[in-house]
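# Architecture at a glance
Here is how the chains run, residue by residue.
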Amino acid sequence: MPTKTLQIPTTDGQADAFAAFPDGGERHPGVLLYTDAFGVRPVLVEMARELAEHGYYVLVPNLYYRHGPAPVIELPEHIGEEIRPAVIAQLMPLVEEHTSERVLRDADDYLRFLTTQPEVSAGPVAVIGYCIGAALAMRTAAAHPGQVAAVAGFHPGFLVTDAPDSPHRLVPKLTAQVHLGLAENDMSSESISKLNLALDAAGVGYTIEIYPGTIHGYTMSDTDAFSPSALQRHWDRLLPLLDRTLANS
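Residues numbered from 1 in each chain as written. Predicted model: local features only at pLDDT ≥ 70, side-chain atom pairs only at ≥ 80, totals over all residues. Heavy atoms only, no water.

### Remarks on the side chain of N62
Within the fold, N62 resides in the loop between β4 (57-61) and α2 (84-97). For N62, the side chain forms a polar contact with the main-chain nitrogen of Y64, separated by 3.0 Å. Contact partners of N62, with chain neighbours within four places excluded, come to D16, A17, V40, G68, P69, A70, V72 and Y110. (Helix = DSSP H or I, 4+ residues; strand = E, 2+ residues; numbered from the N terminus. Polar contact = N/O pair within 3.5 Å; in protein donor to acceptor, adjacent residues only side chain to side chain. Contact = heavy atoms within 4.5 Å.)

### Some thoughts on the pairing of strand β2 (residues 13-20)
Judged by how many residues are buried, β2 sits mostly within the fold: six of eight residues are covered. One ladder, built from eight bridges, connects strand β1 (residues 3-10) with β2; its direction is antiparallel. Note on β2: the bridge partner recorded for T3 is A20. Inspection of the sheet shows β2 paired to β4 by four bridges, in the antiparallel sense. In the sheet register, A17 faces β4, and the bridge partner there is P61. (Buried < 20%, exposed > 50% of the residue type's maximum accessible area, 1.4 Å probe, protein only. Pairing = 2+ DSSP bridges.)

### Focus: the packing of aromatic side chains
Under the definition given, this model contains four aromatic pairs. When the centroid spacing of 5.3 Å and the interplanar angle of 15° are considered together, the rings of F21 and Y57 count as stacked. Taken together, the residues F21 in the loop between β2 and β3 (30-34) and Y57 in strand β4 connect sequence positions 36 residues apart. Y57 shares its class with F21; the two are buried. With a centroid separation of 5.6 Å and 25° between ring planes, the pair formed by Y130 and F154 is classed as stacked. (Phe/Tyr/Trp six-rings, centres within 6.5 Å; stacked < 30°, edge-to-face > 60°.)

### Re the pattern of salt bridges
One pass over the full model with this rule turns up twelve salt bridges. The closest approach of N and O atoms between D12 and R66, which form a salt bridge, is 2.7 Å. One end of the pair, D12, is in the loop between β1 and β2; the other, R66, is in the loop between β4 and α2, with 54 residues separating them in the sequence. With a relative accessible area of 35%, D12 lands in the partly exposed category. In this structure, E97 engages R102 in a salt bridge whose closest nitrogen and oxygen atoms are separated by 4.0 Å. Given the relative accessible area of 36%, E97 is considered partly exposed. Here the salt bridges share partners, and the residues they tie into one network are D12, R66, R105 and D106. (Salt bridge = Lys/Arg side-chain N within 4 Å of Asp/Glu carboxyl O.)

Without other data, these values stay purely geometric and don't point to any function.
Structure representation (C-alpha coordinates):
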(Lines give C-alpha, C1' and ligand atoms only; values in the text may rest on other atoms or scores of the structure.)
Protein backbone atom coordinates (compact mmCIF):
# COMPACT_ATOMS: atom_id res chain seq x y z
CA MET A 1 0.00 0.00 0.00
CA PRO A 2 1.82 3.14 -1.16
CA THR A 3 2.19 6.08 1.17
CA LYS A 4 3.88 9.33 0.41
CA THR A 5 4.76 12.47 2.30
CA LEU A 6 3.41 15.71 0.91
CA GLN A 7 3.44 19.45 1.39
CA ILE A 8 0.06 21.14 1.07
CA PRO A 9 0.19 24.83 0.08
CA THR A 10 -2.01 26.79 2.50
CA THR A 11 -2.97 30.38 3.08
CA ASP A 12 -0.66 30.40 6.08
CA GLY A 13 2.28 28.42 4.70
CA GLN A 14 2.88 24.74 3.97
CA ALA A 15 1.18 21.89 5.79
CA ASP A 16 3.12 18.66 5.94
CA ALA A 17 0.92 15.63 5.33
CA PHE A 18 0.93 12.06 4.18
CA ALA A 19 -1.34 10.10 1.88
CA ALA A 20 -2.15 6.41 1.61
CA PHE A 21 -3.75 4.98 -1.53
CA PRO A 22 -4.08 1.75 -3.49
CA ASP A 23 -1.39 0.62 -5.88
CA GLY A 24 -2.06 0.23 -9.58
CA GLY A 25 -2.25 3.72 -11.01
CA GLU A 26 -6.05 4.01 -10.91
CA ARG A 27 -8.02 6.91 -9.45
CA HIS A 28 -9.95 6.53 -6.21
CA PRO A 29 -12.42 8.54 -4.13
CA GLY A 30 -10.78 11.01 -1.78
CA VAL A 31 -11.00 10.98 2.00
CA LEU A 32 -9.69 13.79 4.21
CA LEU A 33 -8.75 12.43 7.64
CA TYR A 34 -8.37 14.73 10.63
CA THR A 35 -6.30 13.29 13.48
CA ASP A 36 -7.03 13.36 17.17
CA ALA A 37 -5.33 15.89 19.44
CA PHE A 38 -2.11 13.87 19.55
CA GLY A 39 -1.65 14.40 15.83
CA VAL A 40 0.12 12.48 13.08
CA ARG A 41 1.99 9.41 14.35
CA PRO A 42 2.44 5.73 13.44
CA VAL A 43 -1.03 4.59 14.53
CA LEU A 44 -2.60 7.12 12.16
CA VAL A 45 -0.41 5.87 9.32
CA GLU A 46 -1.66 2.34 10.02
CA MET A 47 -5.30 3.44 10.06
CA ALA A 48 -4.94 5.44 6.85
CA ARG A 49 -3.29 2.48 5.14
CA GLU A 50 -6.07 0.16 6.25
CA LEU A 51 -8.70 2.54 4.91
CA ALA A 52 -6.79 2.90 1.65
CA GLU A 53 -6.88 -0.88 1.21
CA HIS A 54 -10.63 -0.54 0.70
CA GLY A 55 -10.13 1.64 -2.37
CA TYR A 56 -9.68 5.20 -1.09
CA TYR A 57 -7.07 7.91 -1.33
CA VAL A 58 -6.61 9.08 2.26
CA LEU A 59 -5.00 12.45 2.99
CA VAL A 60 -3.84 13.11 6.56
CA PRO A 61 -2.54 16.64 7.23
CA ASN A 62 -0.57 17.80 10.25
CA LEU A 63 -3.12 20.01 12.00
CA TYR A 64 -0.36 21.85 13.86
CA TYR A 65 1.80 22.68 10.85
CA ARG A 66 2.03 26.34 11.87
CA HIS A 67 4.18 25.15 14.79
CA GLY A 68 6.44 22.90 12.73
CA PRO A 69 6.38 19.47 11.08
CA ALA A 70 4.81 16.47 12.80
CA PRO A 71 5.30 15.45 15.48
CA VAL A 72 5.30 18.96 16.91
CA ILE A 73 5.95 17.60 20.38
CA GLU A 74 7.82 14.48 21.39
CA LEU A 75 5.33 11.62 21.75
CA PRO A 76 6.00 8.33 23.51
CA GLU A 77 5.31 5.09 21.67
CA HIS A 78 2.45 4.45 24.08
CA ILE A 79 0.47 7.35 25.55
CA GLY A 80 -0.48 5.80 28.88
CA GLU A 81 -2.79 7.36 31.45
CA GLU A 82 0.14 8.29 33.68
CA ILE A 83 1.66 10.59 31.05
CA ARG A 84 -1.48 11.61 29.15
CA PRO A 85 -2.12 14.77 31.26
CA ALA A 86 1.40 16.06 30.63
CA VAL A 87 1.12 15.42 26.88
CA ILE A 88 -2.29 17.09 26.73
CA ALA A 89 -0.92 20.08 28.66
CA GLN A 90 1.73 20.56 25.96
CA LEU A 91 -0.83 20.27 23.17
CA MET A 92 -3.66 22.39 24.55
CA PRO A 93 -2.10 25.74 23.58
CA LEU A 94 -1.84 24.46 20.00
CA VAL A 95 -5.43 23.23 20.05
CA GLU A 96 -6.65 26.57 21.39
CA GLU A 97 -4.76 28.46 18.68
CA HIS A 98 -6.46 26.33 16.03
CA THR A 99 -9.45 28.66 15.79
CA SER A 100 -12.51 27.99 13.66
CA GLU A 101 -11.26 30.61 11.21
CA ARG A 102 -8.00 28.71 10.80
CA VAL A 103 -9.89 25.41 10.53
CA LEU A 104 -11.99 26.73 7.64
CA ARG A 105 -9.03 28.28 5.83
CA ASP A 106 -7.16 25.01 6.12
CA ALA A 107 -10.20 23.00 5.03
CA ASP A 108 -10.41 25.00 1.81
CA ASP A 109 -6.75 24.31 1.11
CA TYR A 110 -6.85 20.64 2.10
CA LEU A 111 -9.88 19.89 -0.09
CA ARG A 112 -8.44 21.81 -3.03
CA PHE A 113 -5.23 19.80 -2.74
CA LEU A 114 -7.00 16.46 -2.23
CA THR A 115 -9.29 16.83 -5.22
CA THR A 116 -6.48 17.79 -7.59
CA GLN A 117 -4.24 14.81 -6.86
CA PRO A 118 -3.75 12.57 -9.91
CA GLU A 119 -4.72 9.48 -7.92
CA VAL A 120 -8.07 10.99 -6.82
CA SER A 121 -11.20 10.51 -8.90
CA ALA A 122 -13.69 13.24 -9.70
CA GLY A 123 -16.78 13.43 -7.54
CA PRO A 124 -17.60 13.94 -3.88
CA VAL A 125 -15.25 13.27 -1.00
CA ALA A 126 -15.60 12.16 2.61
CA VAL A 127 -14.21 13.82 5.71
CA ILE A 128 -13.57 11.84 8.89
CA GLY A 129 -12.11 12.80 12.23
CA TYR A 130 -11.14 11.49 15.62
CA CYS A 131 -11.47 13.37 18.92
CA ILE A 132 -11.07 17.07 18.07
CA GLY A 133 -10.80 16.00 14.43
CA ALA A 134 -14.50 15.10 14.49
CA ALA A 135 -15.40 18.75 15.11
CA LEU A 136 -13.06 19.77 12.29
CA ALA A 137 -14.72 17.22 10.02
CA MET A 138 -18.18 18.61 10.82
CA ARG A 139 -17.03 22.18 10.19
CA THR A 140 -15.47 21.14 6.88
CA ALA A 141 -18.58 19.27 5.73
CA ALA A 142 -20.83 22.20 6.65
CA ALA A 143 -18.59 24.66 4.80
CA HIS A 144 -18.44 22.49 1.65
CA PRO A 145 -21.91 20.96 1.28
CA GLY A 146 -21.62 20.49 -2.47
CA GLN A 147 -18.36 18.60 -2.15
CA VAL A 148 -18.51 16.51 1.04
CA ALA A 149 -20.89 13.56 0.74
CA ALA A 150 -20.02 11.81 4.01
CA VAL A 151 -18.76 12.90 7.40
CA ALA A 152 -17.83 10.61 10.27
CA GLY A 153 -16.52 11.33 13.75
CA PHE A 154 -15.28 8.92 16.38
CA HIS A 155 -14.94 9.65 20.10
CA PRO A 156 -15.69 13.27 19.17
CA GLY A 157 -14.94 16.35 21.20
CA PHE A 158 -16.33 19.89 21.06
CA LEU A 159 -19.34 19.11 18.84
CA VAL A 160 -21.81 20.87 21.14
CA THR A 161 -20.52 23.97 22.89
CA ASP A 162 -21.86 27.36 23.94
CA ALA A 163 -19.97 29.11 21.14
CA PRO A 164 -22.08 30.83 18.48
CA ASP A 165 -20.26 28.78 15.84
CA SER A 166 -20.43 25.47 17.71
CA PRO A 167 -20.42 22.61 15.15
CA HIS A 168 -23.97 21.60 16.08
CA ARG A 169 -25.16 25.08 15.06
CA LEU A 170 -23.62 24.59 11.58
CA VAL A 171 -25.61 21.42 10.89
CA PRO A 172 -28.30 23.23 8.84
CA LYS A 173 -25.64 23.71 6.13
CA LEU A 174 -24.87 19.98 5.92
CA THR A 175 -25.87 17.78 3.02
CA ALA A 176 -23.49 14.91 3.86
CA GLN A 177 -24.56 11.64 5.43
CA VAL A 178 -23.27 11.49 9.00
CA HIS A 179 -22.10 8.85 11.45
CA LEU A 180 -20.90 9.68 14.94
CA GLY A 181 -19.48 6.95 17.15
CA LEU A 182 -19.42 8.16 20.73
CA ALA A 183 -17.53 6.74 23.66
CA GLU A 184 -19.69 6.34 26.74
CA ASN A 185 -18.16 9.41 28.39
CA ASP A 186 -17.98 11.71 25.35
CA MET A 187 -21.22 13.71 25.54
CA SER A 188 -24.03 14.35 27.98
CA SER A 189 -27.54 13.19 27.09
CA GLU A 190 -28.51 16.87 26.80
CA SER A 191 -25.77 17.50 24.23
CA ILE A 192 -26.71 14.39 22.27
CA SER A 193 -30.33 15.60 22.20
CA LYS A 194 -29.24 18.99 20.85
CA LEU A 195 -27.24 17.28 18.13
CA ASN A 196 -30.09 14.94 17.25
CA LEU A 197 -32.53 17.85 16.98
CA ALA A 198 -30.15 19.79 14.72
CA LEU A 199 -29.59 16.80 12.44
CA ASP A 200 -33.29 15.99 12.30
CA ALA A 201 -34.07 19.57 11.34
CA ALA A 202 -31.39 19.50 8.64
CA GLY A 203 -33.03 16.47 7.07
CA VAL A 204 -29.77 14.62 6.53
CA GLY A 205 -29.22 10.90 6.92
CA TYR A 206 -27.36 10.23 10.14
CA THR A 207 -26.62 7.81 12.94
CA ILE A 208 -25.35 8.67 16.40
CA GLU A 209 -24.27 5.62 18.34
CA ILE A 210 -22.70 5.15 21.76
CA TYR A 211 -20.18 2.35 21.42
CA PRO A 212 -20.62 0.14 24.49
CA GLY A 213 -17.86 -0.26 27.04
CA THR A 214 -15.71 2.51 25.59
CA ILE A 215 -13.85 5.53 26.85
CA HIS A 216 -12.65 8.53 24.88
CA GLY A 217 -9.95 7.54 22.39
CA TYR A 218 -11.09 3.95 21.82
CA THR A 219 -9.79 3.70 18.24
CA MET A 220 -6.19 4.56 19.08
CA SER A 221 -4.03 1.50 19.73
CA ASP A 222 -1.21 3.57 21.22
CA THR A 223 -3.36 4.69 24.18
CA ASP A 224 -4.85 3.01 27.24
CA ALA A 225 -8.32 3.85 25.90
CA PHE A 226 -7.94 1.43 22.98
CA SER A 227 -10.69 -1.12 22.45
CA PRO A 228 -10.14 -3.65 19.62
CA SER A 229 -13.86 -4.43 19.45
CA ALA A 230 -14.78 -0.74 19.23
CA LEU A 231 -12.16 -0.17 16.54
CA GLN A 232 -13.78 -2.97 14.54
CA ARG A 233 -17.23 -1.45 15.10
CA HIS A 234 -15.79 1.83 13.78
CA TRP A 235 -14.74 0.08 10.56
CA ASP A 236 -18.12 -1.67 10.37
CA ARG A 237 -19.85 1.73 10.42
CA LEU A 238 -17.36 3.76 8.40
CA LEU A 239 -16.83 1.49 5.39
CA PRO A 240 -20.53 1.11 4.46
CA LEU A 241 -20.99 4.87 4.83
CA LEU A 242 -18.16 5.54 2.40
CA ASP A 243 -19.36 2.82 0.05
CA ARG A 244 -22.87 4.33 -0.07
CA THR A 245 -21.75 7.88 -0.64
CA LEU A 246 -18.58 7.57 -2.71
CA ALA A 247 -19.05 4.36 -4.69
CA ASN A 248 -19.77 6.12 -7.95
CA SER A 249 -17.11 8.81 -7.71
